[in-house]
Amino acid sequence: MSAFDDEWSRGDAERHISVVLGAAKTGHVQRVIDVDGTFEIRFVRAKTGPTIADILAEGNPLKKK
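Residues numbered from 1 in each chain as written. Predicted model: local features only at pLDDT ≥ 70, side-chain atom pairs only at ≥ 80, totals over all residues. Heavy atoms only, no water.

Draft legend 1. Fine view of the sheet that holds strand β3 (residues 37–41). Spatial ordering of the open sheet is given by β1-β2-β3, a layout of three strands whose pairing is mixed. Both outer strands of the open sheet, β1 (7–9) and β3, are each paired with one neighbouring strand and no more. When strand polarity is set aside, the average angle formed by the axes of neighbouring strands in this sheet is 25 degrees. As defined by bridge partners, β1 adjoins strand β2 (residues 30–34) across three bridges and the pair is classed as parallel. Counterpart to Ser-9 in the pairing with β2 is Ile-33. (Pairing = 2+ DSSP bridges. Helix = DSSP H or I, 4+ residues; strand = E, 2+ residues; numbered from the N terminus. Axes fitted to C-alpha atoms, helices over the stretch in contact; angles between N-to-C directions.)

Draft legend 2. Spotlight on the pattern of salt bridges. If you walk through the whole model with that rule in mind, you get five salt bridges. The shortest N-O distance in the salt bridge between Arg-10 and Asp-34 comes to 3.2 Å. You can see Arg-10 sitting in helix α1 (residues 10–15) and its partner Asp-34 sitting in strand β2, a full 24 residues away along the chain. Asp-12 is paired through a salt bridge with Arg-15; the nearest N and O atoms lie 2.6 Å apart. Note that Asp-12 and Arg-15 are positioned in helix α1 at a spacing of three residues, about one turn of the helix. Taking relative accessible area as the criterion, Asp-12 reaches 32% and is therefore assigned partly exposed. Salt bridges here are not isolated pairs; linked through shared partners, they connect Arg-10, Glu-14 and Asp-34. (Salt bridge = Lys/Arg side-chain N within 4 Å of Asp/Glu carboxyl O. Buried < 20%, exposed > 50% of the residue type's maximum accessible area, 1.4 Å probe, protein only.)

Draft legend 3. Summary view of a nonpolar patch on the surface. Taken together, Ile-52, Ile-55 and Leu-56 make up a surface patch of nonpolar side chains, about 290 Å² in accessible area. Locating Ile-52 in the fold gives a position in helix α3 (residues 52–57). Judged by relative accessible area, which is 60%, Ile-52 ranks as exposed. (Patch = residues over 30% accessible without salt bridge, like charges linked within 9 Å, V, L, I, M, F, W, Y side chains within 5 Å. Areas by Shrake-Rupley, 256 points an atom, 1.4 Å probe, with all protein chains shown as cover.)

Quick look at the structure:
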């Protein structure tokens, strides 16, 4: 059983938006039921390049080979 509710009425979702977004960020898709359909809210992590730690682990990036 999930620690989060995953279905919300639109009114409840609007009143508790920080909880809805927080639950989505932890990987739990949130469904908000509206009169004519359902919203699905999911968090997608940003695509990023290598971290500074990754670059430094390869050695000095300024040193010519």
